[in-house]
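Here are the chains, one letter per residue:
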Amino acid sequence: MSKYTGGCLCGAIRYSVDAEITELRHCHCRDCQRASGAHGAVVAVIPRDKFKLEKGTPKRYAAKADSGRTLYRFFCADCGSPIYSQRETAPERMVVRAGTFDDSSTMRITAHIWTASARPWSWIDPACDQLSGNPA
Ligand SMILES: [Zn+2]
Ligand SMILES: [Zn+2]
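Residues numbered from 1 in each chain as written. Chains lettered and ligands numbered in written order. Predicted model: local features only at pLDDT ≥ 70, side-chain atom pairs only at ≥ 80, totals over all residues. Heavy atoms only, no water.

Asker: Kindly report on the overall build of the protein chain, identifying the contributing residues and their values.
Answerer: Per the secondary structure count, the protein chain includes 1 helix and 11 strands. Overall, the protein chain shows an N-to-C arrangement of helices and strands of β-β-β-α-β-β-β-β-β-β-β-β. Radius of gyration (C-alpha) of the protein chain: 14 Å, near the 14 Å computed for a compact globule of 136 residues. In terms of principal-axis extent, the alpha carbons of the protein chain reach across some 35 × 30 × 25 Å. A separation of at least 24 residues holds for 53% of the contacts in the protein chain among residues at least 6 apart in sequence. When the accessible surface of the protein chain is totalled, it reaches about 7,700 Å², and 50% of it is carbon and sulfur. Computing the positive centroid from 19 side-chain charges and the negative centroid from 14, the protein chain places the two 6 Å apart. (Helix = DSSP H or I, 4+ residues; strand = E, 2+ residues; numbered from the N terminus. Rg over C-alpha atoms; globule rule 2.2 N^0.38 Å. Contact = heavy atoms within 4.5 Å. Areas by Shrake-Rupley, 256 points an atom, 1.4 Å probe, with all protein chains shown as cover. Lys, Arg positive; Asp, Glu negative; His and termini not counted. Charge placed at Lys NZ, Arg CZ, Asp CG, Glu CD.)

Okay, here's the thing in structure tokens:
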């Protein structure tokens, strides 16, 4: 039995996660702002082998990140919802968009990254860890 399930807006993409998720990270980089159309991305980092696509195949977009590394961004080709991303150099980790989980009541944001490019209208909880750029 999977611990979490989720998917895109139209339902073409569905996935399950078999790992406990408690910590989320809010990325304020410009790419995440553009890809979300909002104040960045709130994500959960989980091991690749705990993530399973149950339905559909997301479209892949390769973006050169501010860090200089290639980041693969996966989204629904029908409705455009961003689902997850993977670093080219770290395929063993999945960075899943927290807003696509059906239930995220066990999760909370513990860190904000790329705060140097945060929008002035984006609230950052001072109790969270903050990094002006990429996590080490
Ligand atoms: Zn969709
Ligand atoms: Zn980002």
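Now that the structure has been shown, the text picks up again.
Asker: Describe the coordination of the zinc ion (ligand 1), and please don't skip the residues or the numbers.
Answerer: Ligation of the zinc ion (ligand 1) by protein atoms is provided by Cys8 (SG), Cys10 (SG), Cys76 (SG) and Cys79 (SG), these donors lying 2.3 Å from the ion. One can describe the site at the zinc ion (ligand 1) as tetrahedral: its 4 donor atoms subtend angles covering 106 to 113° at the metal. Along the chain, the residues donating to the zinc ion (ligand 1) are arranged with the sequence spacing C-x1-C-x65-C-x2-C. Assessed through its relative accessible area of 11%, Cys8 is described here as buried. Given the relative accessible area of 43%, Cys10 is considered partly exposed. (Donors = N, O, S within 2.8 Å, 3.2 Å for Na, K, Ca; no water. Tetrahedral: all angles 85-135°; square planar, octahedral: opposite > 155°, others 65-115°. Buried < 20%, exposed > 50% of the residue type's maximum accessible area, 1.4 Å probe, protein only.)

Asker: Give a description of the side chain of Thr70 that names residues and reports values.
Answerer: Here Thr70 lies in strand β7 (residues 70-75). Contacts of Thr70, omitting those with residues within four sequence positions, involve Ala62, Ala63, Lys64, Gln86, Arg87 and Glu88.

Asker: Give me the packing of aromatic side chains: which residues, what numbers.
Answerer: Tallying each qualifying case throughout the model produces 5 aromatic pairs. Relative to Tyr84, the ring of Phe74 has its centre 4.5 Å away and its plane inclined at 20°; by these criteria the two rings are stacked. In this pair, Phe74 sits in strand β7 while Tyr84 sits in strand β8 (residues 82-87), placing the two residues 10 residues apart along the sequence. The two residues Phe74 and Tyr84 agree in class, both being buried. Every member of this aromatic cluster is reached through a ring pair, and the members are Tyr4, Tyr15, Phe51, Phe74, Tyr84 and Phe101. The side chain of Arg60 reaches across the aromatic face of Tyr72, ending 3.8 Å from its centre. (Phe/Tyr/Trp six-rings, centres within 6.5 Å; stacked < 30°, edge-to-face > 60°. Lys NZ or Arg CZ within 6 Å of the ring centre and 35° of its normal.)

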